[in-house]
Structures are given as C-alpha cells and as structure tokens.
Amino acid sequence: MPRGTGVRRLVLALGDLHIPTCSGLPVKFKKLLLPGKIQHILCTGSLCSKESYGYLRTLAGDIHVVGGDSETLIYPKEKVVTVGQLRIRLIHDHQIISWDDVASLALLQRQLDVDILILGHMHRFEAFEDENKFYINPGSATGAYSALET
C-alpha cells in the first residue's frame, strides 16, 4: 500500500490454468477466492475456456487477461494496467527468450516504463526484484504440467 493513501487493494495474479485439460483450481485455493474480496485480477493467459473467464469475473470487477496457449476467447498479447500508483505490464511470455535472461526481462520492463512485469507460460512460480523493479511469474494456478521442469 502506498504510504499515506489509506487504500488497500488485493490483486490476484495468476495464469496457465489450462482448464479443461487440468481438472481445475485446487479446492483449498478456491475456498480463499471469495467474491468482493479481490479488487483486481491479472491473468497471464491460458485460461482455455470461456467458463474459466466467467468464474474469474465473479471474483472481481476489474479483470485483465492476456492471450496464452489454446484460448477460446481472444485476448490482447500484452496489456499495461495501473493499480494505485503502480504500472504493471502483463504478458504471457511469448515475447521473451528466457525467464533466466534478466536483461531481456529488463528490456520488456523499460519499453513501457512499468514498475512490475508479470508474465506466464513457464508454469512455475518466480519472483524477484532488480534495480527497484519487480518481476513475477505466478506459475500455473492448476499445477499444469511444464516441459521445462526437470
């Protein structure tokens, strides 16, 4: 929360659901997702069904989704959203060579001068800070298989 604003916002970043290929969100996680509790949902794509989008829509009024793999609806390839005073770039990950390449990630961050870069596709959680900028990959919300895991 920015100092002095007194406004708290709960932002859910998730992606790579791959429903119906995956059975759905874990029950314990789904129990935490109460309508009205979350103000913003930022999704890195691979919802893969209209029903998945509809479910997320019941949780928050402000939802942003970018296109991933096997989508049934059409979403933009990337999006920049503002939450409070933070500018956030949301992409699926087709735009970068490697999550491990910090220089590529920093270039994506600088292109649109965002505070946070959120990307998906890797199916594994990663988060770090570099030069006062934040990089987040929320992983797969359903535990979808990743060929990148060894």
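Residues numbered from 1 in each chain as written. Predicted model: local features only at pLDDT ≥ 70, side-chain atom pairs only at ≥ 80, totals over all residues. Heavy atoms only, no water.

**Notes on the overall build of the protein**
Secondary structure assignment for the protein yields three helices and eight strands. Shown N-terminal to C-terminal, the secondary structure of the protein runs as helices and strands in the order β-α-β-α-β-β-β-α-β-β-β. Counting the 150 residues in the protein, one finds 44% classified as buried. Considering only intrachain contacts with a sequence separation of at least 6, the fraction spanning at least 24 residues in the protein is 55%. Here the protein has roughly 8,400 Å² of accessible surface; of this, 55% comes from carbon and sulfur atoms. (Helix = DSSP H or I, 4+ residues; strand = E, 2+ residues; numbered from the N terminus. Buried < 20%, exposed > 50% of the residue type's maximum accessible area, 1.4 Å probe, protein only. Contact = heavy atoms within 4.5 Å. Areas by Shrake-Rupley, 256 points an atom, 1.4 Å probe, with all protein chains shown as cover.)

**Structural notes on the packing of aromatic side chains**
Inspection of the entire model under this criterion finds two aromatic pairs. On the basis of an interplanar angle of 40° and a centroid distance of 6.1 Å, the ring pair of Y53 and Y75 is categorised as tilted. Note that Y53 is positioned in helix α2 (residues 50–59) and Y75 in the loop between β3 (62–65) and β4 (78–83), a separation of 22 residues in sequence. Using a relative accessible area of 24% as the deciding quantity, one classes Y53 as partly exposed. (Phe/Tyr/Trp six-rings, centres within 6.5 Å; stacked < 30°, edge-to-face > 60°.)

**So, the side chain of Q109**
Structurally, Q109 can be placed in helix α3 (residues 102–111). Among residues more than four places away in sequence, those in contact with Q109 are V114, K133 and Y135.

**Thoughts on the pattern of salt bridges**
Inspection of the entire model under this criterion finds two salt bridges. With a closest N to O distance of 2.5 Å, R89 and E78 form a salt bridge. With R89 in strand β5 (residues 86–91) and E78 in strand β4, this pair connects stretches of sequence that are 11 residues apart. The closest approach of N and O atoms between D115 and K133, which form a salt bridge, is 3.7 Å. Here the residue D115 occupies a position in the loop between α3 and β6 (116–119), and K133 occupies one in strand β8 (residues 133–138), the gap between them amounting to 18 residues. The class for K133 is buried, based on a relative accessible area of 19%. (Salt bridge = Lys/Arg side-chain N within 4 Å of Asp/Glu carboxyl O.)

**A look at the sheet that holds strand β2 (residues 40–43)**
In space, the three strands of this open sheet follow the order β1-β2-β3, with parallel pairing throughout. The sheet is open, and its two borders are formed by β1 (11–14) and β3, each paired with just one other strand. Averaged over all pairs of adjacent strands, the angle between strand axes in this sheet comes to 10°, irrespective of strand direction. Relative to β2, β1 runs parallel, the two sharing four bridges. Bridging across to β2, V11 finds its partner in H40. Contacting β1, β2 and β3, α2 crosses the sheet at an angle of about 150° to β3. (Pairing = 2+ DSSP bridges. Axes fitted to C-alpha atoms, helices over the stretch in contact; angles between N-to-C directions.)

**A closer look at the nonpolar core**
Counting 17 residues, the largest nonpolar core has L14, L17, I41, L47 and L56 as its most contacted members. At the level of secondary structure, the elements contributing two or more residues to this core comprise β1, β2, α2 and β3. Beyond its immediate stretch of four places on either side in the chain, L14 contacts I41, L42, C43, T44, L56, P138 and A141. Formed by eight residues, the second largest nonpolar core is a distinct cluster that contains L42, V66, L90 and I118. (Core = buried A, V, L, I, M, F, W, Y, C linked by side-chain atoms within 4.5 Å.)

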